[in-house]
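Fold and contact review
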Amino acid sequence: MPHEAISVFDIFKIGVGPSSSHTLGPWRAAQRFSESLDKRGILSQVVSIRVLLYGSLAKTGVGHGTDIAVQLGLASLDPVTIEVNSITHRIDDIKKMQRILLHGKHEVVFNPQEDIEFFFSESLPFHPNALSFLVTLQNGEAIAETYYSIGGGFVIKEGETSNSLQEVQLPFPIDKAEDLLHWCRTTGLSISEVVMENEHSWRTEDETRKGMLHIWQVMKDCIFRGCHTDGILPGGLQVTRRASDLNKKLLQGRPYTDYDSWIKAIKDGGNGFQYTLDWVSCFALAVNEENASFGRVVTAPTNGAAGVIPAVLHYFVAFCDGDNEEKILQFMLTAAEAGSIFKKGATISAAMGGCQAEIGVSSAMAAAGLTEALGGSQRQALMAAEIAMEHHLGLTCDPIGGLVQIPCIERNTMGAIKAITASQLALQSTPDFAKVSLDTVIKTMWDTARDMSFKYKETSEGGLAMHIPISLPEC
Ligand code: SF4
(Lines give C-alpha, C1' and ligand atoms only; values in the text may rest on other atoms or scores of the structure.)
Protein backbone atom coordinates (compact mmCIF):
# COMPACT_ATOMS: atom_id res chain seq x y z
CA MET A 1 0.00 0.00 0.00
CA PRO A 2 1.37 3.47 -0.83
CA HIS A 3 1.89 5.47 2.34
CA GLU A 4 0.99 9.11 2.63
CA ALA A 5 4.34 10.68 3.32
CA ILE A 6 4.12 14.30 4.42
CA SER A 7 7.32 16.25 4.93
CA VAL A 8 7.87 19.15 7.30
CA PHE A 9 8.14 21.29 4.14
CA ASP A 10 4.63 20.26 3.09
CA ILE A 11 3.29 21.59 6.37
CA PHE A 12 5.45 24.75 6.57
CA LYS A 13 5.50 26.50 3.21
CA ILE A 14 6.69 29.98 2.33
CA GLY A 15 3.98 31.80 0.44
CA VAL A 16 1.83 34.88 0.09
CA GLY A 17 -1.34 35.73 2.02
CA PRO A 18 -4.17 35.73 2.64
CA SER A 19 -5.27 32.07 2.32
CA SER A 20 -3.56 28.75 1.80
CA SER A 21 -6.63 27.04 0.36
CA HIS A 22 -8.01 30.03 -1.57
CA THR A 23 -4.77 31.77 -2.58
CA LEU A 24 -1.79 29.42 -2.39
CA GLY A 25 -3.62 26.28 -3.57
CA PRO A 26 -5.27 27.88 -6.64
CA TRP A 27 -1.94 29.60 -7.41
CA ARG A 28 -0.18 26.21 -7.38
CA ALA A 29 -2.98 24.65 -9.46
CA ALA A 30 -2.64 27.37 -12.11
CA GLN A 31 1.14 26.90 -12.14
CA ARG A 32 0.73 23.16 -12.59
CA PHE A 33 -1.76 23.64 -15.40
CA SER A 34 0.33 26.12 -17.38
CA GLU A 35 3.41 23.95 -16.86
CA SER A 36 1.52 20.90 -18.12
CA LEU A 37 0.61 22.78 -21.33
CA ASP A 38 4.28 23.50 -21.87
CA LYS A 39 5.33 19.90 -21.15
CA ARG A 40 2.76 18.59 -23.63
CA GLY A 41 4.16 20.95 -26.30
CA ILE A 42 0.86 22.75 -26.83
CA LEU A 43 1.50 25.99 -24.94
CA SER A 44 2.22 28.01 -28.09
CA GLN A 45 -1.05 26.81 -29.67
CA VAL A 46 -3.28 28.19 -26.92
CA VAL A 47 -5.58 30.98 -28.17
CA SER A 48 -7.87 31.42 -25.16
CA ILE A 49 -8.09 30.49 -21.51
CA ARG A 50 -10.88 30.55 -18.93
CA VAL A 51 -10.84 29.76 -15.23
CA LEU A 52 -13.95 28.49 -13.43
CA LEU A 53 -14.16 28.78 -9.65
CA TYR A 54 -16.64 26.61 -7.76
CA GLY A 55 -18.11 26.34 -4.27
CA SER A 56 -16.14 27.98 -1.51
CA LEU A 57 -13.55 29.28 -4.00
CA ALA A 58 -16.34 31.24 -5.69
CA LYS A 59 -18.09 32.37 -2.51
CA THR A 60 -15.03 33.79 -0.75
CA GLY A 61 -12.62 33.88 -3.68
CA VAL A 62 -12.52 37.65 -4.18
CA GLY A 63 -11.87 38.33 -0.50
CA HIS A 64 -9.19 35.66 -0.43
CA GLY A 65 -7.49 36.84 -3.64
CA THR A 66 -8.23 33.63 -5.58
CA ASP A 67 -8.67 35.57 -8.83
CA ILE A 68 -5.30 37.26 -8.30
CA ALA A 69 -3.60 33.98 -7.39
CA VAL A 70 -4.74 32.13 -10.52
CA GLN A 71 -3.49 34.92 -12.79
CA LEU A 72 -0.07 34.90 -11.14
CA GLY A 73 0.03 31.11 -11.28
CA LEU A 74 -0.93 30.99 -14.97
CA ALA A 75 1.95 33.38 -15.60
CA SER A 76 4.17 30.90 -13.69
CA LEU A 77 5.19 33.41 -11.06
CA ASP A 78 6.10 31.60 -7.87
CA PRO A 79 4.58 32.41 -4.46
CA VAL A 80 7.89 31.69 -2.72
CA THR A 81 10.00 34.04 -4.78
CA ILE A 82 7.65 36.70 -6.13
CA GLU A 83 8.35 40.22 -4.91
CA VAL A 84 5.13 40.80 -2.98
CA ASN A 85 5.17 44.53 -3.70
CA SER A 86 5.01 43.76 -7.43
CA ILE A 87 1.71 41.85 -7.25
CA THR A 88 -0.63 44.84 -7.59
CA HIS A 89 1.03 46.28 -10.64
CA ARG A 90 1.28 42.85 -12.34
CA ILE A 91 -2.44 42.31 -11.87
CA ASP A 92 -3.19 45.87 -13.02
CA ASP A 93 -1.09 45.26 -16.15
CA ILE A 94 -3.04 42.11 -17.06
CA LYS A 95 -6.31 43.99 -16.59
CA LYS A 96 -5.14 46.98 -18.62
CA MET A 97 -3.50 45.03 -21.47
CA GLN A 98 -6.18 42.29 -21.48
CA ARG A 99 -3.36 39.80 -22.04
CA ILE A 100 -1.58 37.21 -19.92
CA LEU A 101 1.86 35.67 -20.48
CA LEU A 102 0.97 32.02 -20.06
CA HIS A 103 3.74 30.05 -18.31
CA GLY A 104 5.86 33.22 -18.69
CA LYS A 105 6.27 32.38 -22.41
CA HIS A 106 3.15 32.65 -24.52
CA GLU A 107 0.87 35.67 -24.69
CA VAL A 108 -2.86 35.03 -24.74
CA VAL A 109 -5.81 37.42 -24.80
CA PHE A 110 -7.27 37.39 -21.27
CA ASN A 111 -9.86 39.59 -19.62
CA PRO A 112 -9.92 38.72 -15.90
CA GLN A 113 -13.44 40.11 -15.48
CA GLU A 114 -14.84 37.76 -18.12
CA ASP A 115 -12.38 34.90 -18.22
CA ILE A 116 -12.47 34.14 -14.49
CA GLU A 117 -15.97 32.93 -13.66
CA PHE A 118 -17.42 32.46 -10.20
CA PHE A 119 -19.98 29.65 -9.85
CA PHE A 120 -21.45 30.70 -6.52
CA SER A 121 -24.13 28.05 -6.30
CA GLU A 122 -22.26 25.15 -7.82
CA SER A 123 -19.93 22.77 -6.00
CA LEU A 124 -18.06 19.78 -7.36
CA PRO A 125 -18.60 16.59 -5.35
CA PHE A 126 -15.01 15.77 -4.39
CA HIS A 127 -14.18 18.97 -2.47
CA PRO A 128 -15.75 22.44 -2.00
CA ASN A 129 -12.59 24.16 -3.26
CA ALA A 130 -12.60 23.28 -6.96
CA LEU A 131 -11.35 25.14 -10.01
CA SER A 132 -11.21 24.24 -13.70
CA PHE A 133 -8.97 25.57 -16.44
CA LEU A 134 -10.28 25.56 -20.01
CA VAL A 135 -8.11 26.34 -23.00
CA THR A 136 -8.81 26.40 -26.71
CA LEU A 137 -6.04 25.60 -29.19
CA GLN A 138 -5.48 27.06 -32.66
CA ASN A 139 -7.00 23.92 -34.24
CA GLY A 140 -10.19 24.41 -32.21
CA GLU A 141 -9.46 21.60 -29.77
CA ALA A 142 -10.63 22.31 -26.19
CA ILE A 143 -8.73 21.07 -23.16
CA ALA A 144 -10.05 21.17 -19.60
CA GLU A 145 -8.49 20.21 -16.29
CA THR A 146 -9.96 20.40 -12.80
CA TYR A 147 -7.98 20.81 -9.59
CA TYR A 148 -8.94 20.78 -5.93
CA SER A 149 -7.34 22.94 -3.26
CA ILE A 150 -7.67 20.63 -0.28
CA GLY A 151 -6.27 22.87 2.44
CA GLY A 152 -2.90 24.16 3.59
CA GLY A 153 -1.82 24.83 -0.01
CA PHE A 154 -2.11 21.14 -0.96
CA VAL A 155 -3.53 20.64 -4.45
CA ILE A 156 -4.70 17.56 -6.28
CA LYS A 157 -5.82 17.15 -9.87
CA GLU A 158 -9.07 15.44 -10.80
CA GLY A 159 -8.41 11.71 -10.76
CA GLU A 160 -5.49 11.83 -8.35
CA THR A 161 -6.10 10.47 -4.88
CA SER A 162 -3.57 12.63 -3.10
CA ASN A 163 -0.64 14.68 -4.26
CA SER A 164 1.31 13.57 -1.27
CA LEU A 165 1.29 9.83 -1.84
CA GLN A 166 4.94 10.11 -2.62
CA GLU A 167 7.38 7.54 -3.84
CA VAL A 168 9.34 7.52 -0.60
CA GLN A 169 9.58 4.81 1.97
CA LEU A 170 9.84 6.36 5.41
CA PRO A 171 11.70 4.44 8.11
CA PHE A 172 8.93 5.38 10.54
CA PRO A 173 5.56 5.52 8.74
CA ILE A 174 3.05 7.46 10.84
CA ASP A 175 -0.68 7.87 10.32
CA LYS A 176 -1.83 8.28 13.91
CA ALA A 177 -0.49 9.61 17.18
CA GLU A 178 -0.35 6.00 18.38
CA ASP A 179 2.06 5.13 15.51
CA LEU A 180 4.29 8.03 16.47
CA LEU A 181 4.36 6.93 20.11
CA HIS A 182 5.14 3.38 19.01
CA TRP A 183 8.25 4.55 17.12
CA CYS A 184 9.32 6.77 20.01
CA ARG A 185 8.95 3.82 22.42
CA THR A 186 10.77 1.29 20.26
CA THR A 187 13.64 3.57 19.28
CA GLY A 188 13.97 5.72 22.40
CA LEU A 189 13.95 8.79 20.15
CA SER A 190 12.09 12.00 20.85
CA ILE A 191 9.30 13.07 18.48
CA SER A 192 11.53 15.56 16.69
CA GLU A 193 14.26 12.92 16.26
CA VAL A 194 11.79 10.44 14.72
CA VAL A 195 10.57 13.16 12.36
CA MET A 196 14.13 14.14 11.42
CA GLU A 197 14.91 10.48 10.60
CA ASN A 198 11.90 10.43 8.28
CA GLU A 199 13.01 13.68 6.64
CA HIS A 200 16.27 11.93 5.63
CA SER A 201 14.18 10.00 3.09
CA TRP A 202 13.85 13.21 1.08
CA ARG A 203 17.17 15.00 1.67
CA THR A 204 20.21 15.21 3.92
CA GLU A 205 19.91 16.39 7.50
CA ASP A 206 21.97 19.44 6.63
CA GLU A 207 19.53 20.40 3.87
CA THR A 208 16.55 19.88 6.19
CA ARG A 209 18.12 22.04 8.89
CA LYS A 210 18.99 24.81 6.45
CA GLY A 211 15.50 24.75 4.92
CA MET A 212 13.83 24.89 8.31
CA LEU A 213 16.05 27.70 9.55
CA HIS A 214 15.16 29.61 6.40
CA ILE A 215 11.48 29.14 7.25
CA TRP A 216 12.17 30.36 10.77
CA GLN A 217 13.88 33.44 9.29
CA VAL A 218 10.81 34.16 7.12
CA MET A 219 8.61 33.88 10.25
CA LYS A 220 10.88 36.32 12.12
CA ASP A 221 10.92 38.79 9.21
CA CYS A 222 7.15 38.58 8.96
CA ILE A 223 6.58 39.32 12.65
CA PHE A 224 9.09 42.16 12.67
CA ARG A 225 7.52 43.71 9.55
CA GLY A 226 4.01 43.29 10.93
CA CYS A 227 4.99 44.93 14.22
CA HIS A 228 6.31 47.96 12.34
CA THR A 229 3.62 48.56 9.70
CA ASP A 230 0.62 50.84 10.22
CA GLY A 231 -2.40 51.36 8.07
CA ILE A 232 -5.73 49.99 6.92
CA LEU A 233 -6.00 46.44 5.60
CA PRO A 234 -7.16 46.03 2.00
CA GLY A 235 -10.54 44.61 1.02
CA GLY A 236 -13.13 47.23 2.01
CA LEU A 237 -13.76 46.30 5.64
CA GLN A 238 -11.56 49.23 6.82
CA VAL A 239 -9.81 47.17 9.50
CA THR A 240 -6.97 49.11 11.14
CA ARG A 241 -3.73 47.28 11.74
CA ARG A 242 -3.09 46.97 15.50
CA ALA A 243 0.22 45.16 15.97
CA SER A 244 2.30 48.24 15.26
CA ASP A 245 0.46 50.36 17.85
CA LEU A 246 0.67 47.62 20.44
CA ASN A 247 4.38 47.19 19.71
CA LYS A 248 4.96 50.92 20.25
CA LYS A 249 2.98 50.90 23.51
CA LEU A 250 4.80 47.89 24.91
CA LEU A 251 8.20 49.35 24.05
CA GLN A 252 7.15 52.83 25.23
CA GLY A 253 7.72 54.30 21.78
CA ARG A 254 11.38 53.31 21.54
CA PRO A 255 12.18 52.53 17.88
CA TYR A 256 14.16 49.44 16.86
CA THR A 257 15.39 49.02 13.32
CA ASP A 258 16.64 45.45 13.51
CA TYR A 259 15.13 42.20 14.76
CA ASP A 260 17.85 41.27 17.25
CA SER A 261 17.82 44.52 19.21
CA TRP A 262 14.01 44.49 19.12
CA ILE A 263 13.83 40.98 20.62
CA LYS A 264 16.40 41.95 23.24
CA ALA A 265 14.28 44.97 24.21
CA ILE A 266 11.22 42.71 24.55
CA LYS A 267 13.15 40.33 26.81
CA ASP A 268 14.48 43.21 28.88
CA GLY A 269 10.87 44.16 29.68
CA GLY A 270 10.53 41.15 31.99
CA ASN A 271 7.98 38.38 31.99
CA GLY A 272 4.97 39.74 33.85
CA PHE A 273 1.71 38.00 32.96
CA GLN A 274 0.02 40.91 31.18
CA TYR A 275 3.22 41.95 29.42
CA THR A 276 3.76 38.40 28.13
CA LEU A 277 0.12 38.07 27.11
CA ASP A 278 0.26 41.36 25.22
CA TRP A 279 3.36 40.30 23.33
CA VAL A 280 1.94 36.92 22.33
CA SER A 281 -1.11 38.75 20.94
CA CYS A 282 1.09 41.33 19.24
CA PHE A 283 3.17 38.62 17.50
CA ALA A 284 0.06 36.82 16.25
CA LEU A 285 -1.65 40.05 15.11
CA ALA A 286 1.52 41.06 13.25
CA VAL A 287 1.65 37.88 11.16
CA ASN A 288 -2.02 37.87 10.26
CA GLU A 289 -2.08 41.54 9.39
CA GLU A 290 0.77 40.80 7.00
CA ASN A 291 -1.20 37.82 5.71
CA ALA A 292 -4.30 39.95 5.13
CA SER A 293 -2.17 42.43 3.13
CA PHE A 294 -0.92 39.84 0.64
CA GLY A 295 2.39 39.81 2.52
CA ARG A 296 4.97 37.05 2.71
CA VAL A 297 4.07 34.49 5.38
CA VAL A 298 4.73 30.87 6.26
CA THR A 299 1.70 28.62 5.84
CA ALA A 300 1.50 26.85 9.20
CA PRO A 301 -0.46 24.70 8.39
CA THR A 302 -2.70 27.30 6.63
CA ASN A 303 -2.44 31.01 5.96
CA GLY A 304 -5.50 32.04 7.97
CA ALA A 305 -3.84 30.39 10.98
CA ALA A 306 -0.29 31.42 10.04
CA GLY A 307 0.18 33.53 13.18
CA VAL A 308 -0.25 30.90 15.87
CA ILE A 309 3.01 28.99 15.48
CA PRO A 310 5.29 32.03 14.95
CA ALA A 311 3.63 33.72 17.96
CA VAL A 312 4.21 30.70 20.20
CA LEU A 313 7.77 30.32 18.88
CA HIS A 314 8.40 33.97 19.75
CA TYR A 315 6.87 33.42 23.19
CA PHE A 316 9.38 30.57 23.56
CA VAL A 317 12.29 32.74 22.38
CA ALA A 318 11.42 35.89 24.32
CA PHE A 319 9.94 34.50 27.52
CA CYS A 320 11.26 30.94 27.91
CA ASP A 321 14.89 31.60 27.08
CA GLY A 322 14.39 29.59 23.89
CA ASP A 323 16.68 31.52 21.55
CA ASN A 324 18.44 28.35 20.49
CA GLU A 325 18.43 26.90 16.96
CA GLU A 326 18.31 23.29 18.15
CA LYS A 327 15.25 23.98 20.26
CA ILE A 328 13.56 25.91 17.46
CA LEU A 329 14.08 22.93 15.14
CA GLN A 330 12.72 20.53 17.78
CA PHE A 331 9.64 22.73 18.11
CA MET A 332 9.06 22.91 14.36
CA LEU A 333 9.63 19.21 13.67
CA THR A 334 7.26 18.17 16.45
CA ALA A 335 4.63 20.71 15.41
CA ALA A 336 4.85 19.59 11.77
CA GLU A 337 4.25 15.95 12.70
CA ALA A 338 1.20 16.90 14.74
CA GLY A 339 -0.14 18.83 11.74
CA SER A 340 0.50 15.88 9.46
CA ILE A 341 -1.45 13.54 11.76
CA PHE A 342 -4.40 15.95 11.73
CA LYS A 343 -4.28 16.15 7.94
CA LYS A 344 -4.31 12.35 7.62
CA GLY A 345 -6.95 11.69 10.29
CA ALA A 346 -9.26 14.66 9.67
CA THR A 347 -8.59 17.81 7.64
CA ILE A 348 -6.69 21.07 7.63
CA SER A 349 -9.21 22.65 5.26
CA ALA A 350 -11.72 25.13 6.67
CA ALA A 351 -13.97 24.39 3.69
CA MET A 352 -14.19 20.83 5.02
CA GLY A 353 -14.01 21.35 8.77
CA GLY A 354 -14.51 24.99 9.72
CA CYS A 355 -11.99 26.95 11.76
CA GLN A 356 -11.24 24.01 14.08
CA ALA A 357 -9.28 22.71 11.05
CA GLU A 358 -7.21 25.90 10.84
CA ILE A 359 -6.80 27.66 14.18
CA GLY A 360 -7.54 24.45 16.09
CA VAL A 361 -4.89 22.47 14.24
CA SER A 362 -2.29 25.24 14.39
CA SER A 363 -2.89 25.59 18.13
CA ALA A 364 -2.49 21.83 18.62
CA MET A 365 0.70 21.87 16.55
CA ALA A 366 2.12 24.78 18.54
CA ALA A 367 1.19 23.11 21.84
CA ALA A 368 3.03 19.91 20.87
CA GLY A 369 6.07 21.80 19.60
CA LEU A 370 6.31 24.02 22.65
CA THR A 371 5.97 21.07 25.02
CA GLU A 372 8.81 19.15 23.39
CA ALA A 373 11.00 22.28 23.24
CA LEU A 374 10.36 22.90 26.95
CA GLY A 375 11.55 19.38 27.81
CA GLY A 376 8.23 17.57 28.02
CA SER A 377 8.00 13.88 27.23
CA GLN A 378 6.62 12.55 23.95
CA ARG A 379 3.33 11.70 25.63
CA GLN A 380 3.11 15.14 27.22
CA ALA A 381 3.66 16.74 23.80
CA LEU A 382 0.81 14.72 22.28
CA MET A 383 -1.33 15.39 25.33
CA ALA A 384 -0.76 19.12 24.82
CA ALA A 385 -1.91 18.80 21.19
CA GLU A 386 -4.99 16.93 22.34
CA ILE A 387 -5.88 19.57 24.95
CA ALA A 388 -5.45 22.40 22.45
CA MET A 389 -7.74 20.77 19.89
CA GLU A 390 -10.28 19.64 22.51
CA HIS A 391 -11.01 23.29 23.22
CA HIS A 392 -11.34 24.28 19.57
CA LEU A 393 -13.82 21.54 18.65
CA GLY A 394 -16.75 22.91 16.70
CA LEU A 395 -15.10 26.25 15.90
CA THR A 396 -16.77 27.62 12.79
CA CYS A 397 -15.36 29.54 9.85
CA ASP A 398 -17.34 32.71 9.09
CA PRO A 399 -14.97 35.37 7.72
CA ILE A 400 -16.72 38.69 7.18
CA GLY A 401 -16.85 39.64 3.50
CA GLY A 402 -14.82 36.54 2.69
CA LEU A 403 -11.75 38.42 3.95
CA VAL A 404 -9.20 36.73 6.17
CA GLN A 405 -9.51 39.54 8.74
CA ILE A 406 -12.47 39.23 11.12
CA PRO A 407 -12.51 36.95 13.07
CA CYS A 408 -9.31 35.47 11.64
CA ILE A 409 -6.65 37.91 12.83
CA GLU A 410 -7.70 37.98 16.50
CA ARG A 411 -8.45 34.29 16.39
CA ASN A 412 -4.74 33.65 15.95
CA THR A 413 -4.08 35.35 19.29
CA MET A 414 -6.58 32.97 20.90
CA GLY A 415 -5.01 29.94 19.23
CA ALA A 416 -1.57 30.97 20.46
CA ILE A 417 -2.69 31.56 24.04
CA LYS A 418 -4.58 28.27 24.13
CA ALA A 419 -1.50 26.48 22.82
CA ILE A 420 0.61 27.89 25.65
CA THR A 421 -2.05 26.98 28.22
CA ALA A 422 -2.39 23.47 26.78
CA SER A 423 1.36 23.00 26.91
CA GLN A 424 1.56 24.16 30.52
CA LEU A 425 -1.33 21.88 31.48
CA ALA A 426 0.36 18.90 29.84
CA LEU A 427 3.71 19.70 31.42
CA GLN A 428 2.02 19.72 34.83
CA SER A 429 0.11 16.47 34.15
CA THR A 430 0.69 12.76 33.98
CA PRO A 431 -0.46 11.52 30.56
CA ASP A 432 -1.36 8.12 32.13
CA PHE A 433 -4.42 9.77 33.63
CA ALA A 434 -5.61 11.50 30.47
CA LYS A 435 -9.07 10.32 29.42
CA VAL A 436 -8.92 11.55 25.83
CA SER A 437 -6.13 10.61 23.44
CA LEU A 438 -4.94 12.73 20.53
CA ASP A 439 -6.28 10.14 18.06
CA THR A 440 -9.70 10.28 19.74
CA VAL A 441 -9.88 14.06 19.56
CA ILE A 442 -8.86 13.96 15.88
CA LYS A 443 -11.65 11.51 15.16
CA THR A 444 -14.06 13.73 17.11
CA MET A 445 -12.93 16.76 15.14
CA TRP A 446 -13.60 14.93 11.88
CA ASP A 447 -17.05 13.77 13.07
CA THR A 448 -17.82 17.35 14.10
CA ALA A 449 -16.63 18.60 10.69
CA ARG A 450 -18.98 16.25 8.91
CA ASP A 451 -21.90 17.35 11.09
CA MET A 452 -21.18 21.05 10.64
CA SER A 453 -23.44 23.06 8.33
CA PHE A 454 -21.84 24.21 5.06
CA LYS A 455 -22.64 27.78 6.22
CA TYR A 456 -19.72 27.58 8.63
CA LYS A 457 -17.19 26.14 6.21
CA GLU A 458 -15.51 29.12 4.55
CA THR A 459 -18.57 30.22 2.62
CA SER A 460 -19.26 33.48 4.50
CA GLU A 461 -22.93 32.47 4.53
CA GLY A 462 -23.26 32.07 8.29
CA GLY A 463 -22.14 33.44 11.64
CA LEU A 464 -20.43 36.82 11.87
CA ALA A 465 -20.33 37.12 8.11
CA MET A 466 -24.13 37.47 8.09
CA HIS A 467 -24.24 40.22 10.68
CA ILE A 468 -21.54 42.67 9.68
CA PRO A 469 -22.07 44.54 6.41
CA ILE A 470 -19.25 45.20 4.03
CA SER A 471 -19.30 47.03 0.75
CA LEU A 472 -16.66 45.54 -1.46
CA PRO A 473 -15.50 47.62 -4.41
CA GLU A 474 -16.46 46.50 -7.88
CA CYS A 475 -13.70 44.42 -9.36
S1 SF4 B 1 -12.48 31.96 10.35
FE2 SF4 B 1 -10.72 30.60 10.74
S3 SF4 B 1 -10.79 29.06 9.12
FE4 SF4 B 1 -12.11 30.75 8.48
S5 SF4 B 1 -10.81 32.03 7.16
FE6 SF4 B 1 -10.70 32.83 9.26
S7 SF4 B 1 -8.91 31.81 10.22
FE8 SF4 B 1 -9.42 30.66 8.34
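To start, this report covers the structure provided alongside it. Just so it is clear, the model here is predicted, and its values are computed rather than measured.

It is worth spelling out helix α17 (residues 378–390) at this point. An ideal rise of 1.5 Å per residue puts 18 Å on 13 residues; α17 measures up with 18 Å between its terminal C-alpha atoms. With respect to burial, α17 is a largely interior element, ten of its 13 residues being buried. Of all the positions in α17, only Q380, A381, L382, M383, A384, A385, E386, I387, A388 and M389 are classed as buried. Of the surrounding secondary structure, the elements contacted by the buried residues of α17 are α7 (177–187), α8 (191–199), α14 (325–345), α16 (359–373), α18 (408–427) and α19 (438–451).

The element strand β7 (residues 142–151) is extensively covered by neighbouring structure, given that eight of its ten residues are classed as buried. The pairing of strand β6 (residues 129–137) with β7 spans seven bridges and is classified as antiparallel. The residue of β7 that forms the bridge with V135 is I143. The loop that links β6 with its antiparallel partner β7 comprises four residues; one of these, G140, has a positive phi angle of about 90°. Here four bridges tie β7 to strand β8 (residues 154–157), and the two strands are oriented antiparallel to one another.

Right, let's get into the side chain of T23. Mapped onto the elements, T23 comes out in helix α2 (residues 20–39). You can call T23 buried: its relative accessible area is 1%. Within the structure, T23 has its side chain in polar contact with the backbone oxygen of H64 (distance 2.5 Å). Residues contacting T23, with those up to four places away along its chain left out, are V16, G17, P18, H64, G65 and A69.

Attention now goes to the site of the ligand. The ligand sits among G304, A350, C355, E358, C397, D398, C408 and R411. Taken together, the residues of the shell around the ligand break down into four nonpolar, one polar and three charged.

Taken as a whole and assessed by the stated rule, the structure comprises 25 salt bridges. Close ionic contact of R241 with E290 constitutes a salt bridge, the shortest N to O distance being 2.6 Å. Remark: E290 occurs in helix α12 (residues 273–292) and R241 occurs in the loop between α9 (205–226) and α10 (243–250); sequence separation between them is 49 residues. An identical accessibility class is assigned to R241 and E290; each is buried. Between D323 and K267 there is a salt bridge, with its nearest N and O atoms 3.8 Å apart.

Enumeration according to the criterion identifies 15 aromatic pairs in this entry. Here F172 and W183 contribute two aromatic rings whose centre-to-centre distance is 5.2 Å and whose plane-to-plane angle is 50°, an arrangement assigned as tilted. Remark: W183 occurs in helix α7 and F172 occurs in the loop between β8 and α7; sequence separation between them is eleven residues. For W183, a relative accessible area of 21% puts it in the partly exposed group. Between Y315 and F319, the aromatic rings sit 6.3 Å apart at their centres with planes inclined by 35°, giving tilted as the arrangement. Taken as a pair, Y315 and F319 lie in helix α13 (residues 308–319) at a separation of four residues, close to a single helical turn.

Once that is clear, we can look at the side chain of T459. By secondary structure assignment, the location of T459 is in the loop between α19 and α20 (464–467). For T459, a relative accessible area of 8% translates into the label buried. At 3.3 Å, the side chain of T459 and the backbone oxygen of F454 are in polar contact. Residues within four places of T459 in sequence aside, it is in contact with K59, T60 and F454.

Conventions we followed
Residues numbered from 1 in each chain as written. Predicted model: local features only at pLDDT ≥ 70, side-chain atom pairs only at ≥ 80, totals over all residues. Heavy atoms only, no water. Helix = DSSP H or I, 4+ residues; strand = E, 2+ residues; numbered from the N terminus. Expected span 1.5 Å × (residues − 1). Buried < 20%, exposed > 50% of the residue type's maximum accessible area, 1.4 Å probe, protein only. Contact = heavy atoms within 4.5 Å. Pairing = 2+ DSSP bridges. Polar contact = N/O pair within 3.5 Å; in protein donor to acceptor, adjacent residues only side chain to side chain. Near = heavy atom within 4 Å. Nonpolar A, V, L, I, M, F, W, Y, C, P; charged D, E, K, R; others polar. Salt bridge = Lys/Arg side-chain N within 4 Å of Asp/Glu carboxyl O. Phe/Tyr/Trp six-rings, centres within 6.5 Å; stacked < 30°, edge-to-face > 60°.

Fair warning: the whole summary comes from geometry, so function is off the table for now.
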